[in-house]
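As a plain string of letters, each chain reads:
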Amino acid sequence: MKKRRLGNSDLHVSELGLGCMSIGTEEKTARRIIEAALEEGINYFDTADLYDFGENEKIVGQALKDVREQVIIATKAGNRWHEDRAGWSWDPSKAYIKEAVKNSLKRLGTDYIDLYQLHGGTLDDPIDETIEAFEELKAEGYIHYYGISSIRPNVIREFVEKSSIVSVMMQYSILDRRPEEAALPMLQEHGISVVTRGPLAKGLLSDKLLEKASEKGYLDYNYEELHTVLPMLKERVAGTRSFTEVALQYNLANPVVASVVAGASSPEQIRNNLVAVRSQPLSDEEVAVIKELTKASIYKEHR
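Since this is a predicted model, take the numbers as computed values, not measurements. (Residues numbered from 1 in each chain as written. Predicted model: local features only at pLDDT ≥ 70, side-chain atom pairs only at ≥ 80, totals over all residues. Heavy atoms only, no water.)

## Description of the overall build of the chain
Looking only at helices and strands, the chain features ten helices and twelve strands. For 303 residues, the compact-globule estimate of 2.2 N^0.38 gives 19 Å, and the chain sits close to it at 19 Å. Dimensions along the principal axes, computed over C-alpha positions, put the chain at roughly 55 × 45 × 40 Å. Here the chain holds 303 residues, and the buried ones make up 56% of them. Taking contacts inside the chain between residues at least 6 apart in sequence as the whole, the part at least 24 apart equals 75%. Summed over all atoms, the accessible surface of the chain reaches about 13600 Å², with 47% contributed by carbon and sulfur. Each charge class in the chain can be summarised by its mean position, and for the 38 positive and 48 negative side chains these summaries are 2 Å apart. (Helix = DSSP H or I, 4+ residues; strand = E, 2+ residues; numbered from the N terminus. Rg over C-alpha atoms; globule rule 2.2 N^0.38 Å. Buried < 20%, exposed > 50% of the residue type's maximum accessible area, 1.4 Å probe, protein only. Contact = heavy atoms within 4.5 Å. Areas by Shrake-Rupley, 256 points an atom, 1.4 Å probe, with all protein chains shown as cover. Lys, Arg positive; Asp, Glu negative; His and termini not counted. Charge placed at Lys NZ, Arg CZ, Asp CG, Glu CD.)

Shown next, in the form of structure tokens:
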């Protein structure tokens, strides 16, 4: 498994990461998925305190306990569950982040978190205070590096200018090229890596293609457009390759992308994703065809 450096950190993450939200709460099944990932060379595991009320962190930490020094654990904070667990509220305050990290460390069963991420964010947040919390946690040794998980260019810009983030996690795929308009060039210019999620666009970019199409469409694509663009991509780019290969390799073709985080609900799914990542990279010509056939969408301004 090839690895890429995460920003200006000393972390080198596998090109395919495991998004742990999908592993479920049945411990034996979850452990088999994580063990399959380890066997195949995946070293980057992404979780969050929000997932399954923190249970996901417990399962991940327990499964990785014996290989802790060989793996990179990333988790997230900023969403506070209500006491009745009926929902959560956004809390990027310094006090909450410094409380949340200690709870995550306990659940993960570790003394440090390799990459601690703010799980969202808006321009209305106390951003300076949030950054101060992460910087203090880094100085205190609770975390080694920090980043944010956001699709909002204006929020990302604030952290790029004011903080020492090493990464941004964001949704990115052939059918969601919004990051290319502003976020990816900005991050590349500042030496900050991207960790991508949603590379298969809810299954539309897997080999099931139109079986996953909804009448609601997908982002800027209506149902009819999906029925046009997906077969064209299959014909002109995929050829004999799986569509999953094309989808994951499209993300990896961008030099600012360090790792593609994909979920898996079985060891077989892990292995299928690994075949895709280890396959032949897309040529410049193939990337150009993909861009010709798809929409270069832009983010609507939001806070």
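Structure shown, so let's carry the discussion forward.
## Quick notes on helix α7 (residues 223-238)
Taking 1.5 Å of rise per residue, the 16 residues of α7 would be expected to cover 22 Å, and the 21 Å separating its terminal C-alpha atoms lies within 8% of that figure. Buried residues of α7: Leu226, Val229, Leu230, Leu233, Val237 and Ala238, and no others. Down the axis of α7, the buried set is contained in an arc of 100 degrees. They therefore lie on one face. Turned more than 90 degrees away from the buried face of α7, the exposed residues are Glu224 and Glu235. As for α7, its buried residues are in contact with α8 (243-252) and α10 (284-293). (Expected span 1.5 Å × (residues − 1). Arc of directions from axis to C-beta.)

## Some details on the nonpolar core
Membership of the largest hydrophobic core comes to 83 residues, with the highest contact counts inside it found for Leu18, Tyr116 and Leu175. Apart from the residues within four sequence positions on either side, Leu18 is in contact with Ile23, Ile33, Ile34, Ala37, Ile42, Tyr44, Phe45, Asp46, Val261, Ala262, Ala264 and Ile270. Counting 13 residues, the second largest nonpolar core, distinct from the first, contains Val13, Tyr44, Leu115 and Val195. (Core = buried A, V, L, I, M, F, W, Y, C linked by side-chain atoms within 4.5 Å.)

## A few points about the pairing of strand β11 (residues 193-197)
Burial runs high along β11: four of the five residues are buried. In this structure, strand β10 (residues 167-171) lies alongside β11, joined through five bridges in parallel fashion. Among the inter-strand pairings, Met169 is bridged to a residue of β11, identified as Val195. What joins β10 to β11 is helix α6 (residues 183-189), and the crossover it makes is right-handed. Direction of pairing for β11 relative to strand β12 (residues 257-263): parallel, over a ladder of three bridges. Bridge assignment links Val195 to a residue of β12, and that residue is Ser259. (Pairing = 2+ DSSP bridges. Right-handed = clockwise from strand over helix to strand, strands pointing away.)

## Let's talk about unusual backbone geometry
The phi dihedral of Lys202 is positive, around 55 degrees, even though this residue is not glycine. Considering the arrangement of structural elements, one finds Lys202 in the loop between β11 and α7. Residue Lys202 is classed as exposed on the basis of its relative accessible area of 72%. Positive phi, normally seen in glycine, also occurs at Leu209, with a value near 40 degrees. Here Leu209 lies in the loop between β11 and α7.

## With respect to helix α2 (residues 55-64)
Since there are 3.6 residues in each turn of an α-helix, residues three or four apart along the chain are aligned in direction. The buried count for α2 comes to seven of ten residues, which makes it a mostly enclosed element. The complete set of buried residues in α2 reads Asn56, Glu57, Ile59, Val60, Gly61, Ala63 and Leu64. Buried residues in α2 make contact with α1 (27-39), β4 (44-46), β5 (72-77) and α3 (94-108).

## Some thoughts on the pattern of salt bridges
Close approach of charged atoms allows side chains with opposite charge to pair. Applying the stated criterion to the full structure yields 20 salt bridges. Among the salt bridges present, the one from Arg80 reaches Asp91, with a minimum N-O distance of 2.9 Å. Within this pair, whereas Arg80 is found in strand β6 (residues 79-81), its partner Asp91 is found in the loop between β7 (88-90) and α3, the two being separated by eleven residues in sequence. Of the residues examined, Arg80 reaches a relative accessible area of 30% and is grouped as partly exposed. Between Glu140 and Lys98 there is a salt bridge, and its shortest N-O distance comes to 3.0 Å. Of the two residues, Glu140 sits in the loop between α4 (127-139) and β9 (143-149) while Lys98 sits in helix α3, which places them 42 residues apart along the sequence. The exposure class of Glu140 is partly exposed, given its relative accessible area of 42%. Taken together, the shared-partner salt bridges in this structure form one network comprising Lys94, Lys98, Glu132, Glu136 and Glu140. (Salt bridge = Lys/Arg side-chain N within 4 Å of Asp/Glu carboxyl O.)

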